[in-house]
Amino acid sequence: MTPDSPLTEQLGDIERALRAELSQAQNEDALEDVRVRFLGRSGEITAVRRTIGKLPAGERPGAGRIINDAVAEYETLFERRREELAREALEERLRQAIDVTFPGIPPLVGSIHPIRRTMDDLLAYFERRGFAVVVGPEIESDYNNFDALNIPPDHPAREGLDSFYLRPDLVLRTHTSPMQIRVMQRNPPPLAIVVPGRVYRRDALDARHLYAFHQIEGLLVAPGVHLGHLKGALTGMCREVFGPQQSVRFRPSFFPFTEPSAEVDTTCPACGGAGCRTCGGSGWIELGGAGMVHPSVLREVGYDPDVVNGWAFGVGIERVAFTRHGMDDIRAFVENDPAVLEQLA
Ligand code: PHE
C-alpha cells in the first residue's frame, strides 16, 4: 500500500476532520463526544477497520499497521487538546482569582506606640541626669498606695469610688506614688528615681479620661532639696519633649503626701500661651501634681526629715503625648487603629 492509497487518503481525511472538531471542542464533555465519534466502537475508525476484511490477505497486515499508526496519532491529538483545555481552564480560574491590575495591599510596618515613645523621651531626660528608672507592681497594698503616703482612711481617694479594689487590702494602684514608699523603704538617702507605669482609676471613659493610663513618678531625696530644684527639673523635662520655649507654672494644690503641693502646668505648645482650643483658652496645659515630700512620709520610711528632704512629681504620660500630637480624643491611644498609630509614628 502506498502513502496515497485510498486507505491513507481516507485516514488523512479523518485526521483533518478530527483536527477541526478538536479545535471546536471547548471542554472535557465535548472532547469525549468527539472521541466516541472517531475512535468509539461504532465510530469512524471502526468503519475503516471493517474495510480491511475486503482487502487481499497479503495487504491486510500492512493496512492494519497503517490504521494503528493513525489511531496512535489521533490519540496524541486528543491528548494535546485535553492539555490545552486544562491549561485554559486553569488560566481562566487564575484570572478570576487574581486580578493582577488590582492595587496591592502594602504591608503594615510596626512603630513604637506614642505612649511608649513619650515615656521613653521623658525617662531619657532624667536618666541623663543620673536618675534610676525603676518599675513596680500594678497590684499594690493599700498601705503603699494610701496609708504610707499619708492618705488617711477617711480620705475620698480611699473610697471604692475612685479605686479598683481586688481585696480589702489590695488595690490596682491609683498612682505611681506607692513606688516612692517601696524604694525609700529599701534604700537609704540620697536617691533619685523615675518610675514609669500604668495606673488605674474608676473614671468614666471620655475624650479626656481613661480608666487605665500611665504616669511617670519622679522622686529626689537629699539634704537641702527645695522647690526650685523641682521646678527646674520639670521645666527641663517639658523643654525636652515640647521645645525650648516651654515654661512651667505651679498652682497651689493639695496632696496628703507633699507639702507644699502644686498642680504642674506647662505652656500650651499649640498656641505658645496665647490661648486656643487645645488649652481651653488658658494658654496652659496641666500635666500632673508635684510638691515637697511630706515629713510624715519621710518618717514613715525611716528617713529623718531634719536631715533630708525631697521633691516628688507625678505626670500623666497620656497628657503629654496627647498635647504633643495635638489630639482631641485620648481614647485613640488604646483603640490601636493602625491608621491613627501610623499617623502618630
Ligand atoms: N500621685 C499624684 C496623682 O496621681 C501626683 C503626685 C505625685 C503629686 C507626686 C505630688 C507628688 O495625682
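Residues numbered from 1 in each chain as written. Predicted model: local features only at pLDDT ≥ 70, side-chain atom pairs only at ≥ 80, totals over all residues. Heavy atoms only, no water.

**Here's the deal with the site of the ligand**
Here is step 1 of the chain: Around the ligand, 14 residues are found, and the nearest of them are His175, Ser177, Arg201, Gln215 and Gly314.
Here is step 2 of the chain: A distance of 2.9 Å is found between a nitrogen atom of the ligand and a side-chain nitrogen or oxygen belonging to Ser177.
Here is step 3 of the chain: One of the side-chain N or O atoms of Gln215 is found 2.9 Å from an oxygen atom in the ligand.
Here is step 4 of the chain: Starting from 330 Å² of accessible surface for the ligand in isolation, the protein chains cover 91%.
Here is step 5 of the chain: Judged by the proximity of its atoms to the pocket grid, the ligand belongs to the largest pocket.
Here is step 6 of the chain: Within the residue set of the shell around the ligand, elements represented by two or more residues are strand 6 (212-222), strand 9 (284-293) and strand 10 (309-316).
Here is step 7 of the chain: By residue number, the principal contributor to the shell around the ligand is strand 10, which donates three residues.
Here is step 8 of the chain: Classifying every residue of the shell around the ligand by side-chain character gives five nonpolar, seven polar and two charged. (Near = heavy atom within 4 Å. Polar contact = N/O pair within 3.5 Å; in protein donor to acceptor, adjacent residues only side chain to side chain. Areas by Shrake-Rupley, 256 points an atom, 1.4 Å probe, with all protein chains shown as cover. 1 Å grid on protein atoms, 1.4 Å probe; cavity = no way out; pocket = protein on both sides within 12 Å on 5 of 7 lines; lining within 4 Å. Sits in = over half its atoms within 2 Å of the grid points. Helix = DSSP H or I, 4+ residues; strand = E, 2+ residues; numbered from the N terminus. Nonpolar A, V, L, I, M, F, W, Y, C, P; charged D, E, K, R; others polar.)

**A word on the nonpolar core**
Here is step 1 of the chain: Formed by 43 residues in total, the largest nonpolar core has its most connected members in Phe126, Ile216, Leu234, Met237, Trp311, Phe313 and Phe333.
Here is step 2 of the chain: Looking at this core, the elements with two or more residues in it are helix 5 (114-127), strand 5 (191-200), strand 6, helix 8 (227-242), strand 9, strand 10, helix 10 (317-324) and helix 11 (332-335).
Here is step 3 of the chain: The element best represented in this core is helix 8, accounting for seven residues.
Here is step 4 of the chain: Apart from residues no more than four positions distant in its own chain, Ile216 is found in contact with Met119, Leu122, Leu123, Thr176, Val194, Val195, Pro196, Phe313, Gly314, Val315 and Ile317.
Here is step 5 of the chain: With 22 residues, the next largest nonpolar core counts Ile181, Met184, Val293 and Val301 among its residues. (Core = buried A, V, L, I, M, F, W, Y, C linked by side-chain atoms within 4.5 Å. Buried < 20%, exposed > 50% of the residue type's maximum accessible area, 1.4 Å probe, protein only. Contact = heavy atoms within 4.5 Å.)

**Examining the domain arrangement of the chain**
Here is step 1 of the chain: In terms of domains, the chain is made up of domain 1 (6-97) and domain 2 (114-344).
Here is step 2 of the chain: When each unit is reduced to the centre of its C-alpha atoms, the spacing between domain 1 and domain 2 is 88 Å. (Domains from an automatic or database assignment.)

**Things to note about the sheet that holds strand 5**
Here is step 1 of the chain: Pairing in this open sheet of seven strands is mixed, and the strands run 1-5-6-10-9-8-7 from one edge to the other. Strands at the two margins of the open sheet, each flanked by one partner only, are strand 1 (132-133) and strand 7 (248-255).
Here is step 2 of the chain: Of the strands in this sheet, strand 6, strand 9 and strand 10 are in contact with helix 10, which crosses strand 10 at around 55 degrees. (Pairing = 2+ DSSP bridges. Axes fitted to C-alpha atoms, helices over the stretch in contact; angles between N-to-C directions.)

**Comments concerning the layout of surface pockets**
Here is step 1 of the chain: Here the largest pocket defines a volume of roughly 890 Å³.
Here is step 2 of the chain: If you go around the largest pocket, you meet 39 residues; those closest to its centre are Thr174, Arg201, Phe213, Gln215 and Phe255.
Here is step 3 of the chain: By residue number, the principal contributor to the lining of the largest pocket is strand 9, which donates six residues.
Here is step 4 of the chain: Here the lining of the largest pocket is built from residues that sort into 16 nonpolar, 14 polar and nine charged.
Here is step 5 of the chain: If you go around the second largest pocket, you meet 13 residues; those closest to its centre are Ile115, Arg116, Met119, Arg198 and His214.
Here is step 6 of the chain: Mapped onto the lining of the second largest pocket, the elements with two or more residues apiece are helix 5, strand 5, strand 6 and helix 11.
Here is step 7 of the chain: Here the residues of the lining of the second largest pocket sort into seven nonpolar, three polar and three charged. (Points joined across faces, edges and corners; volume = space filled by probe spheres on them.)

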